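Below, each chain spelled out in residue letters.
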Amino acid sequence: MSAQVSRRAVLEAVGATGGAGILFEAMGLLGLAPTEATSRVAYRPPASADFSLSGRRRARVVVLGAGIAGLAAAYELGKAGYDCRVLEAKDRPGGRNWTVRGGTTERDLDGRTQTSAFAAGQYLNAGPARIAQWMVTLDYCRELGVAIEPMANQNADEVIYHQKGPLSGHPIAYRTAKADVYGYISELLAKATDRGSLDGELTATDKEKLLEFLRDFGDIGGREHGWRYTGSSRRGYRVNPGAGSQRGVVLTPPPSLHDVLGSDVGLDFSFELEYRQAMMMFQPVGGMDRIVDALTRRVGRHRVRFGCQVLSVTDRPDGVEVLFRDGEGGTRHETGDFCVAAMPPHLLARLRHNLGGEVQRALGLPRPLSVGKLGLEYGRRWWEEDEHIFGGITTTDMDVRQIWHPSHGFLGDRGVVLGYYNRDADSLLYDSLDPAARVRRAVAAGVRIYGEKYRDELVSSFSVAWRRTPFIEGGWISWPNGTEREYALLNKPAGRVYFAGDWLSHLVSWQAGAFLSARAAVMGIHERAMASQVS
């Protein structure tokens, strides 16, 4: 009993002086709380009963930024009745979760203004556009009542187009490229195995099992045919099978092993094996900003204030003060018991604050990346009618990099194709162009793949250069090597200021990272509020 009393007294002192983060670490050291090495703590959202049963005062929280992290933090804290105020510099919520629709207007940092002319029901997800089925984002869609639908992240009938290499100059269907790459690799490995090259690694049974697998996986000939890959219907058909005597005409024999390896086409579909990209993938019905709309309603629109550019953050022993410029140009301030700073780190680094030199240095380390997207609206869904492509992503070594065909509105009258999704040097090239020039360059690339209809049937367009987008200035961030200490520092509170965003997760560029980071900040604030004096 005396040992228990002693530990309780120590923890109360630690909590009073060091806050919830240090308190939780101390509990872990004493074996009173699980650590990462022992177990995962399931997230428990704050509840109003936490305060009503304890008699503690509900805290006031100032949230900087109405992106996913900021809205999620306000939403979760609101479940317990925290008084949250969200300050957003832009005239809309969502941050990078931005769906461009007809009438959307944006003025970039270079003074270029675009207004979308997309038809009713047509849209471009300018930021996040896909959700993996294991991500917490889908849990929020369920909780918020946001309907979802499949997103065709992979499509056997989409194409690969290279302008360099032995197979350049014409589109290659994904199914064809896969059949050839897997076929030749299987042939090589089967020959090596059968000739005894792997006898030191395999038993006789292992060898036969491996050869059986390779024969099926690569669709290659057996031992009697020298394990050769000669192509099959897996590559696709020049004339599809039909009724009566129409057996179908299989595509011509595959190119040589040398050409297939030299083409690098295998690099285009290897992303499908990446954990975050594997099917199934999903998207909200009607646009990704359905998540933003639902979060904003739950937080309460009266709690989200737009046109508020944060100027400074001051941490005090009893609270936080935030100075900001409002939409009329006046300087105002907001105070709270805690603050959730859910802005991009490179923007936070520009603020005046008293959070210390180490925090300032850490905020300046993540590098914002240039990322670009272009929406091309067509009056006819030619990719479905002419090419028989329903959703999916075309990849290319041209500077447009990716062309997405929409995964919604199938068999409709029109649709919006993602004309490019690029980053770094490719995106910087497009950033420097005015919107009309971006379209001309991207369409010229698309014509090489799909022909003149890619230009002739274009109705309208809208391009997004995230590095040139005010109050965001980057698609996502990249942490330099060797910054683990700074990453850990910003995952802890600086006084009463908590940081949140996908940049403080291992899911950078994904909404799931923003949600999980917000949850971490919420848990820290709530633990601290519950450890405070009874009011």
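Residues numbered from 1 in each chain as written. Predicted model: local features only at pLDDT ≥ 70, side-chain atom pairs only at ≥ 80, totals over all residues. Heavy atoms only, no water.

## Section: the sheet that holds strand β27 (residues 497-499)
Hydrogen bonds between backbone atoms are what pair the strands of a sheet, whose relative direction is either parallel or antiparallel. Under the convention used in this document: Note on pairing: two strands pair once DSSP finds at least 2 bridges between them. Secondary structure elements are taken from DSSP: a helix is a run of H or I of four residues or more, a strand is a run of E of two residues or more, and numbering for both begins at the N terminus. Contacts were defined at the residue level, with two residues in contact if any of their heavy atoms lie within 4.5 Å. Here, axes are lines fitted to C-alpha atoms. For helices the fit covers the stretch in contact, and angles between N-to-C directions go from 0 to 180 degrees.
As summarised here, the arrangement of the five strands in space is β14-β2-β1-β18-β27, forming an open sheet in which the pairing is parallel. Edge positions in the sheet fall to β14 (304-305) and β27, since each of these pairs with one other strand and no more. The strands that helix α17 (residues 511-530) touches are β1 (60-64), β18 (338-341) and β27; relative to β27, the one it contacts most, it runs at about 155°.

## Considerations on the nonpolar core
The cut-off we apply is this: Take the buried Ala, Val, Leu, Ile, Met, Phe, Trp, Tyr and Cys residues and link them wherever side-chain atoms come within 4.5 Å; each set so joined is a nonpolar core. Each residue's exposure class comes from its accessible area (1.4 Å probe, protein chains only) as a fraction of the maximum for that residue type: buried when under 20%, exposed when over 50%, partly exposed otherwise.
Of all hydrophobic cores here, the largest spans 100 residues; its most connected members are Val61, Leu64, Tyr82, Ile291, Leu490, Phe499 and Trp503. Beyond its immediate stretch of four places on either side in the chain, Phe499 contacts Ala341, Leu348, Leu355, Val359, Leu363, Leu490, Lys492, Ala494, Leu504, Ser517 and Ala521.

## Considerations on α17
This is how it is decided: A helix's residues, less one, multiplied by 1.5 Å, set its expected span.
Along its 20 residues, α17 runs 28 Å from first to last C-alpha, staying within 8% of the 28 Å computed at 1.5 Å per residue. Counting buried residues in α17 gives 15 out of 20 residues, a clear majority hidden from the surface.

## Overview of the sheet that holds strand β19 (residues 352-353)
The strand order across the open sheet formed by four strands is β17-β16-β15-β19, and the pairing between neighbours is mixed. Looking at which strands have only one partner, the edges of the open sheet turn out to be β17 (331-336) and β19. Across two bridges, the pairing between strand β15 (residues 309-316) and β19 is parallel. Within the sheet, the bridge partner assigned to Val313 lies in β19 and is His353.

## Concerning the pattern of salt bridges
Here is the rule: The salt bridge criterion pairs a side-chain nitrogen of Lys or Arg with a carboxyl oxygen of Asp or Glu, the two atoms within 4 Å.
This model, assessed by the stated rule, comprises 38 salt bridges. Residue Asp289 is joined to Arg101 by a salt bridge in which the shortest nitrogen-to-oxygen separation is 2.5 Å. With a gap of 188 residues between them, Asp289 in helix α9 (residues 289-299) and Arg101 in strand β3 (residues 99-101) connect regions that are remote in the sequence. Arg441 is paired through a salt bridge with Asp399; the nearest N and O atoms lie 2.8 Å apart. Remark: Asp399 occurs in the loop between β22 (392-396) and β23 (402-405) and Arg441 occurs in helix α14 (residues 435-450); sequence separation between them is 42 residues. Through salt bridges with shared partners, a single ionic network connects Arg380, Glu385, Asp386, Glu387, Lys453 and Glu457.

## Looking at the side chain of Glu106
The cut-off we apply is this: Counted as a polar contact is a pair of N or O atoms within 3.5 Å, where, for protein atoms, one must be capable of donating a hydrogen and the other of accepting one, and residues adjacent in sequence contribute only when both atoms are in side chains.
Take Glu106: it is sitting in strand β4 (residues 105-107). One polar contact links Glu106 to Lys90, side chain to side chain, over a distance of 3.1 Å. In contact with Glu106, not counting residues within four places along its chain, are Lys90, Trp98, Arg112, Thr113, Gln114, Phe462, Thr469 and Pro470.

## Some words on unusual backbone geometry
Outside of glycine, negative phi angles account for most residues, and trans bonds account for most peptide bonds. In the segment running from Met279 into Met280, the intervening peptide bond is cis, with an omega of 10°. Considering the arrangement of structural elements, one finds Met280 in the loop between α8 (266-269) and β13 (281-284). The phi torsion at Trp227 lies on the positive side, around 60°, for a residue other than glycine. As for its placement among the helices and strands, Trp227 is situated in the loop between α6 (204-217) and β11 (237-239). A positive phi angle, near 65°, is found at Asp264, a position not held by glycine. If you trace the backbone, Asp264 turns up in the loop between α7 (257-263) and α8. Note on Asp264: relative accessible area 42%, which makes it partly exposed.

## Structural notes on the environment of Pro93
Its place among the elements puts Pro93 in the loop between β2 (83-87) and β3. Each C-alpha atom of the pair Pro93 and Phe499 lies 18 Å from the other, and the pair is 406 residues apart in sequence. Beyond its immediate sequence surroundings of up to four residues, Pro93 is in contact with Ala66, Leu71, Val292, Thr296 and Phe306.

## So, the packing of aromatic side chains
Spelled out, the test is: When the centres of two rings from Phe, Tyr and Trp lie within 6.5 Å, Trp using its six-membered ring, the rings pair. Their planes under 30 degrees apart give stacked, over 60 give edge-to-face, and anything left gives tilted.
Overall, the coordinates contain 22 aromatic pairs when judged by the stated rule. Geometrically, the ring pair formed by Tyr75 and Tyr140 is edge-to-face, given 6.4 Å between the ring centres and 65° between the ring planes. Residue Tyr75 is located in helix α3 (residues 68-78), and its partner Tyr140 is located in helix α4 (residues 136-144); the two are separated by 65 residues in the primary sequence. Taken as a pair, Tyr75 and Tyr140 share a single burial class, namely buried. Members of the aromatic cluster, each reached through a chain of ring pairs, are Tyr378, Trp382, Trp383, Tyr450 and Tyr454.

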